[in-house]
Amino acid sequence: MHGAGNDFIVLNGIDQDLSGITREQWQALAHRQFGIGADQILLVEKATRPDADFRYRIFNADGGEVEQCGNGSRCFVRFVLDQGLSNKNPLRVEVAHTVLTLKSHPDGQVEVDMGAPIFEHSHIPFNATGLASVQEFQETLYALPLNYPATHDSLVGVLSMGNPHAVQVVGDVDSAPVLEEGPEIEGFAAFPKKVNAGYLQVINRNEIKLRVFERGAGETLACGTGACAAVVSGIRRGLLDSPVKVHTRGGDLQIAWSGIVDGVAQSVIMTGPAVTVFEGETEI
Ligand SMILES: N[C@H](CCC[C@H](N)C(=O)O)C(=O)O
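Residues numbered from 1 in each chain as written. Predicted model: local features only at pLDDT ≥ 70, side-chain atom pairs only at ≥ 80, totals over all residues. Heavy atoms only, no water.

Undergrad: When you look at the overall build of the protein in this model, what are you seeing that I'm missing?
TA: Helix and strand content of the protein: four helices and 20 strands. A burial count over the protein gives 51% of its 284 residues as buried. Sequence separation of at least 24 residues holds for 60% of the intrachain contacts in the protein that already meet a minimum separation of 6. By element, 50% of the accessible surface of the protein is carried by carbon and sulfur atoms, the whole surface being about 12,200 Å². (Helix = DSSP H or I, 4+ residues; strand = E, 2+ residues; numbered from the N terminus. Buried < 20%, exposed > 50% of the residue type's maximum accessible area, 1.4 Å probe, protein only. Contact = heavy atoms within 4.5 Å. Areas by Shrake-Rupley, 256 points an atom, 1.4 Å probe, with all protein chains shown as cover.)

Shown next as structure tokens:
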């Protein structure tokens, strides 16, 4: 399956117990030559909480389990509906530390309440100790000077959508050194659990282009949580107004965020495609 070109293997863990799959086996399944191939693998399971219909777990191509996946949440809905596992709409799905609400639209688009962005350092996690000109994160965006070549002078936003993101504004995403610099940011010492590195180009106040070097997967054609993080960063920096159309290399996503109201960060609403490419069986 794919959501704007970000591709997934989605496994049915409802009818079979797949909880024993090892990191090496996840890596093997995701391998594009020796396995099936995917940016991430989604494991659909029975819910463990009363306020959710299902649970799903997310594994990057490097085999590591992660907290959140925007494009994956839409593909989860498509899988559940295609497989006849439920006909509820909206669906509520439990991921890592939260429950998402997902609505299927008649045109095939899926709308996801991705929850509120998280700015507290310890919850990202982000260890700002020793970084120059560190501002209190909740009030202002970081301008983190990066000791990289002068292609960019700073990161504009560090936040979590359940998973960590570091976003910067560039003049032209197509010439940005995503493949060279992305891995360095991914492993930047200030991020104890690593980070997804986003590069956004402002087209106008309601439209951006975005590339993301994803933690544990490399550059993907689209990153849903990355699109959410980029829009939140751009709005907080005064560059964008909600809603924002996000052009990724694999397709377009629509992101809406009403900001921080009475000191409370509001939910980010993401709408985008979810496509089944093929289905089959495999030995693990
Ligand atoms: N690489 C991400 C997980 C997948 C997120 C992305 N595929 C999305 O659509 O949000 C991470 O390690 O946090």
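Having put the structure on the table, let's press on.
Undergrad: Quick question: what am I supposed to make of the domain arrangement of the protein here?
TA: For interface size, the figure often reported is the accessible area lost on association. Along its sequence, the protein is carved into domain 1 (2-115) and domain 2 (121-266). Listed as interface residues are 18 residues of domain 1 and, on the opposing side, 21 residues of domain 2. With both chains or domains summed, domain 1 and domain 2 bury close to 1,300 Å², and 49% of this area falls on carbon and sulfur atoms. Together, Ala-4, Glu-67 and Gln-68 form the three largest contributors to the area buried by domain 1 at its contact with domain 2, with a combined 36%. (Domains from an automatic or database assignment. Buried area = accessible area lost by both parts, 1.4 Å probe.)

Undergrad: What is the right way to look at the nonpolar core in this model?
TA: Where a protein is soluble and globular, its nonpolar side chains tend to be buried together. Membership of the largest hydrophobic core comes to 50 residues, with the highest contact counts inside it found for Phe-54, Tyr-56, Phe-76, Ile-208, Val-246, Ile-255 and Val-268. Here the element with the most residues in this core is helix α4 (residues 224-236); it accounts for six residues. Counting contributing residues, this core receives three or more from each of domain 1 (2-115) and domain 2 (121-266). Ala-166, Val-178, Ile-185 and Phe-191 belong to the second largest nonpolar core, which has 16 residues in total. (Core = buried A, V, L, I, M, F, W, Y, C linked by side-chain atoms within 4.5 Å.)

Undergrad: Would you mind showing me how to read the site of the ligand here?
TA: In the neighbourhood of the ligand, 15 residues make up the surrounding shell, with Asn-6, Glu-214, Arg-215, Gly-224 and Thr-225 lying closest. At 2.8 Å from a nitrogen atom of the ligand is found a side-chain nitrogen or oxygen belonging to Asn-6. Measuring from an oxygen atom of the ligand, one finds a backbone N or O atom of Gly-70 at 2.8 Å. Elements supplying a minimum of two residues to the shell around the ligand: α2 (70-82) and α4. Taken together, the residues of the shell around the ligand sort by class into three nonpolar, ten polar and two charged. Shared between two domains, the shell around the ligand holds at least three residues of each, these being domain 1 (2-115) and domain 2 (121-266). (Near = heavy atom within 4 Å. Polar contact = N/O pair within 3.5 Å; in protein donor to acceptor, adjacent residues only side chain to side chain. Nonpolar A, V, L, I, M, F, W, Y, C, P; charged D, E, K, R; others polar.)

Undergrad: Mind showing me how you'd approach the UniProt feature "binding site: substrate" (unreviewed entry) in the protein here?
TA: The positions UniProt marks with the feature "binding site: substrate" (unreviewed entry) are Asn-6, Gln-40, Asn-60, Gly-70, Asn-71, Asn-163, Asn-196, Glu-214, Arg-215, Gly-224 and Thr-225. Its location among the elements puts Asn-6 in strand β2 (residues 6-12). Beyond its immediate sequence surroundings of up to four residues, Asn-6 is in contact with Met-1, Asp-39, Gln-40, Asn-71, Glu-214, Thr-220, Leu-221, Ala-222 and Cys-223. Within the secondary structure layout, Glu-214 lies in strand β14 (residues 207-214). What makes Glu-214 buried here is its relative accessible area of 5%. With residues near it in sequence (within four places) discarded, Glu-214 still touches Asn-6, Gln-40, Glu-186, Asn-196, Glu-219, Thr-220, Ala-222 and Cys-223. Here Gln-40 takes part through its side chain, which lies 2.9 Å from a polar atom of the side chain of Glu-214. (UniProt positions renumbered as here; feature names shortened; annotations may be inferred.)

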